[in-house]
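# Summary of the model geometry
Here is how the chains run, residue by residue.
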Amino acid sequence: MTKEVSKTGAVGPVSTISIFKKSLAVCLFLTLAISIVFYNMPLLNKKTKYLRHLDKLNTKRIIAELAEYKHITPDRLANQMATSGKFNIKAPLPFLKDWKNFCWDHTYPSGRKKFLCLPNFYIVGFRKCGTTDLFYRLGLHPEVSIPWRKETLWWTYHRFWVISIYADLFGAKTFVKGEEQRNFFVMGDADPSIAVQNKMIRDMVLSVGDIIKYYTPNAKFIFIMRNPVDRLYSDYLYSQLGVRSPRDFHRRVKSTIEVYTDCFKQRSIRKCLYDSEMKNIGHHNRLALHQGMYVIYVFDWLQIFGAKQVICIRSEDFARKSSKTYKKILEFLELEALGDEQIASIAAMSAMNRNAATRKASGPMENSTREILRDFYRPFNHALAKVLKHRKWVWDDDRILWDDE
């Protein structure tokens, strides 16, 4: 007979009721545990489904695809532009020497003549990263002239029109021809969609960057990039119509990631990002997920124009070290240095085009959504850090203020 020690130290038979109670407790515990696991299994499977591509889509694959892609050669570019039938004015244009902008005396078919200029620099990306703020702060420099509105959308949507129409948007009457004005003003354009909008890339023949290089091979370009997770939520709050909420954002994130995940399994990353049909899916979900995969776009423009004509800055650094970053951009554009007081005054301006009120009303992003997006963007961020040779582009800790090495 089984015996047990009582509280008094006496040894006696084990109660059948006691054994039954213990067994019942164990069974109830196991039943509850199994129920919890099976109840959450669909959710766990869903999360795994959305992030399954990470097993195959890693930094090595991204870097390998970047290395494999060969951009169009200058000779082939000229031939494509000349034979496409889409561009009415052929390059090279008769630019005047010793001008910072790309200016020329244009003759219209009617015989009328006009002095026109194309921009010296462009802010080409990305949306909700501070392009508006940077654009108007640069416009405060005495040597910079900007159009009356940001985002002319020329290269994004109207690049097949006559190039003289675009040049006319900048009001070249400001640029009086003469020795004293020749090297004074610098014109700039800003469109955060230039780098990502590309309806001709489907046949992998021409990109927007290629077309700009065809007309102005010495132009300069500014990329301003923000933590892609925060950028996406800010973009959602800014562009989403109707009710906006962290739960709705979570649902749209999962749906859009699933679409790109499936595309990455069947096609190259570049084709998935530049495909207009994929963007339409993103627009349907009101999520520009592709814009946060910065490395593909930045690498393309570095290949086309070279490191000397492209500068990349982080939104976080521009917000916290405005004066230092502003000076860096002025040096890149070869503009006259401003005094400390002037720069401090420009840096002290309130940020433009912010979503503060909408963000406050909608609430912060859910932690689970943030984790999903971090996992999704991680290989792209690491690839960007390799291309730009600095780990600040990983965004592992946005509180760190990086100094360029």
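Position numbers for residues start from 1 in each chain and track the written sequence from start to end. A pLDDT threshold of at least 70 governs which residues receive local features in this predicted model, and a stricter bar of 80 or more applies before side-chain atom pairs are shown or counted, although totals over entire chains, interfaces and linings include all residues. The side-chain quantities take in all heavy atoms of the structure and omit both hydrogens and water.

### A short note on the side chain of Ser315
Structurally, the position occupied by Ser315 is in helix 13 (residues 315-320). On the accessibility criterion, Ser315 (11% relative accessible area) is buried. Contacts are assigned to residue pairs with any non-hydrogen atoms lying within 4.5 Å of each other. Ignoring any residue separated from it by four or fewer positions in sequence, one finds Ser315 in contact with Cys129, Ile224, Met225 and Arg226. We count a stretch as a helix when DSSP gives it H or I for four or more residues in a row; a strand needs E for two or more, and each element gets its number in order from the N terminus. Note on exposure labels: buried denotes an accessible area under 20% of the residue type's maximum, exposed denotes more than 50%, and partly exposed covers the range between, all computed with a 1.4 Å probe on protein chains only.

### Focus on the state of the cysteines
Disulfide: a pair of cysteine sulfur atoms within 2.5 Å of each other. The tally for this structure, following the rule as stated, stands at two disulfides. Taken in sequence order, the bonded cysteines of the protein chain link in the pattern 1-2, 3-4.

### Quick notes on the environment of Trp154
Inspection of the secondary structure puts Trp154 in helix 5 (residues 154-157). Judged by its relative accessible area of 2%, Trp154 falls in the buried class. Along the chain, Trp154 and Asp189 lie 35 residues apart, while their C-alpha atoms are 9.7 Å from each other.

### With respect to the confidence of the model for the protein chain
Per-residue confidence for the protein chain gives a mean pLDDT of 79; residues scoring 70 or more make up 72%. For every residue, the predictor assigns a confidence score, pLDDT, that lies between 0 and 100. Predicted confidence in the protein chain is weakest over strand 1 (residues 3-5), with a mean pLDDT of 47, and strongest over strand 8 (residues 220-225), with 97. Contacts from residues 1-12, a stretch scored under 50 in pLDDT, to residues over four places away or in other chains number 14 contacts. In this model residues 173-179 is a low-confidence stretch, pLDDT under 50, and it forms 14 contacts with partners more than four residues away in sequence or in other chains.

### Quick look at the pairing of strand 5 (residues 121-125)
Buried residues dominate strand 5, accounting for five of its five residues. In the sheet, strand 5 pairs with strand 7 (residues 186-190) via three bridges, with the strands oriented parallel. Of the residues in strand 7, the one forming a bridge with Phe121 is Gly188. In terms of strand pairing, strand 5 meets strand 8 through four bridges, oriented parallel. The residue bridging Ile123 from the neighbouring strand is Ile222, located in strand 8. Pairing between strands is defined by DSSP: at least two bridges between the two strands are required.

### Here's the deal with the sheet that holds strand 8
Strands sit in the order 6-7-5-8-9 across an open sheet of five strands; the sheet is parallel. If you trace the sheet from one side to the other, it starts and ends with strand 6 (144-145) and strand 9 (310-314), each paired once. Of the pairings in the sheet, the one linking strand 6 to strand 7 comprises two bridges and is parallel in character. The residue bridging Val144 from the neighbouring strand is Val186, located in strand 7. Throughout, an axis means a line fitted to C-alpha atoms (over the contacting stretch in the case of helices), and angles, computed between N-to-C directions, take values from 0 to 180 degrees. Of the strands in this sheet, strand 8 and strand 9 touch helix 14 (residues 322-332), which is tilted by about 175 degrees from strand 9.

### A closer look at helix 4 (residues 131-138)
The buried fraction of helix 4 amounts to seven of the eight residues, a majority that puts the element mostly inside the structure. What helix 4 keeps buried is the set Thr131, Thr132, Asp133, Leu134, Phe135, Arg137 and Leu138.

### Here we look at the side chain of Gln309
Relative to the elements of secondary structure, Gln309 occurs in the loop between helix 12 (294-305) and strand 9. For the purposes of these results, a polar contact is taken to be a pair of N or O atoms within 3.5 Å, where, inside protein, one atom must be able to donate a hydrogen and its partner to accept one; residues adjacent in sequence count only when each atom of the pair is a side-chain atom. A distance of 2.9 Å separates a polar side-chain atom of Gln309 from the backbone oxygen of Pro217.

### A closer look at the packing of helix 7 (residues 208-215) against helix 12
Closest axis-to-axis distance for the helix 7/helix 12 pair is 10 Å, and the angle between their directions is 25 degrees. By the angle between their directions, the pair helix 7 and helix 12 is classed as roughly parallel. Like other packed secondary-structure pairs, helix 7 and helix 12 cross with a definite hand, here right-handed. The segment helix 7 lies against helix 12, with Gly209, Asp210, Ile212 and Lys213 engaging Trp301, Ile304 and Phe305. Geometric relationships in this document are graded by angle, where less than 35 degrees denotes roughly parallel, more than 145 denotes roughly antiparallel, 65 to 115 denotes roughly perpendicular, and other angles denote oblique. Crossing chirality is assigned from the near helix's rotation relative to the far helix, an anticlockwise turn below a right angle marking it left-handed and a clockwise turn marking it right-handed.

### Thoughts on the pairing of strand 8
When you tally the buried positions in strand 8, you get six out of six residues, the bulk of the element. Neither face of strand 8 is open: one carries Lys220, Ile222 and Ile224, the other Phe221, Phe223 and Met225, and all of them are buried. In terms of strand pairing, strand 8 meets strand 9 through five bridges, oriented parallel. The residue bridging Ile222 from the neighbouring strand is Ile311, located in strand 9.

### Quick notes on the pattern of salt bridges
Salt bridge criterion: a side-chain nitrogen from Lys or Arg within 4 Å of a carboxyl oxygen from Asp or Glu. Evaluation of the coordinates by the stated rule reveals 17 salt bridges. Between Arg370 and Asp230 there is a salt bridge, and its shortest N-O distance comes to 3.0 Å. With Arg370 in helix 17 (residues 367-388) and Asp230 in helix 8 (residues 228-239), this pair connects stretches of sequence that are 140 residues apart. Under the relative-accessibility criterion, Arg370 is labelled partly exposed at 22%. Residue Asp248 pairs with Arg251 through a salt bridge whose shortest N-O separation is 2.7 Å. Of this pair, Asp248 and Arg251 both sit in helix 9 (residues 246-266), three residues apart, which is roughly one turn of that helix. Relative accessible area serves as the criterion here: at 14%, Asp248 is assigned to the buried category. Judged by its relative accessible area of 47%, Arg251 falls in the partly exposed class. Taken together, the shared-partner salt bridges connect Arg127, Arg231 and Asp235 into one network.

### Quick look at the packing of aromatic side chains
Two rings belonging to Phe, Tyr or Trp (six-membered ring only in the last case) form a pair when the distance between their centres is within 6.5 Å. Interplanar angles under 30 degrees mark stacking, angles over 60 mark edge-to-face geometry, and anything in between is tilted. Taken as a whole and assessed by the stated rule, the structure comprises 26 aromatic pairs. Their ring planes at 40 degrees and their centres at 4.8 Å tell us that Phe126 and Tyr294 sit as a pair that is tilted. With Phe126 in the loop between strand 5 and helix 4 and Tyr294 in helix 12, the pair connects residues that are 168 residues apart, well separated along the chain. For Phe126, a relative accessible area of 0% corresponds to the buried category. Relative to Trp301, the ring of Phe221 has its centre 5.0 Å away and its plane inclined at 65 degrees; by these criteria the two rings are edge-to-face. Highlighted residues: Phe221 in strand 8 and Trp301 in helix 12, separated in sequence by 80 residues. Across the pair, exposure class does not vary: Phe221 and Trp301 are buried alike. Aromatic rings pair up to connect Tyr122, Phe126, Phe221, Phe223, Tyr274, Tyr294, Tyr297, Trp301, Phe305, Trp393 and Trp395 into one cluster. Working rule: Lys NZ or Arg CZ, within 6 Å of ring centre, within 35 degrees of ring normal, means a charge sits over the ring. A cation sits over an aromatic face here: Lys128 above Tyr238, 4.1 Å from the ring centre. Geometry around Phe332 places Lys220 over its ring, the cationic atom sitting 5.1 Å from the centre.

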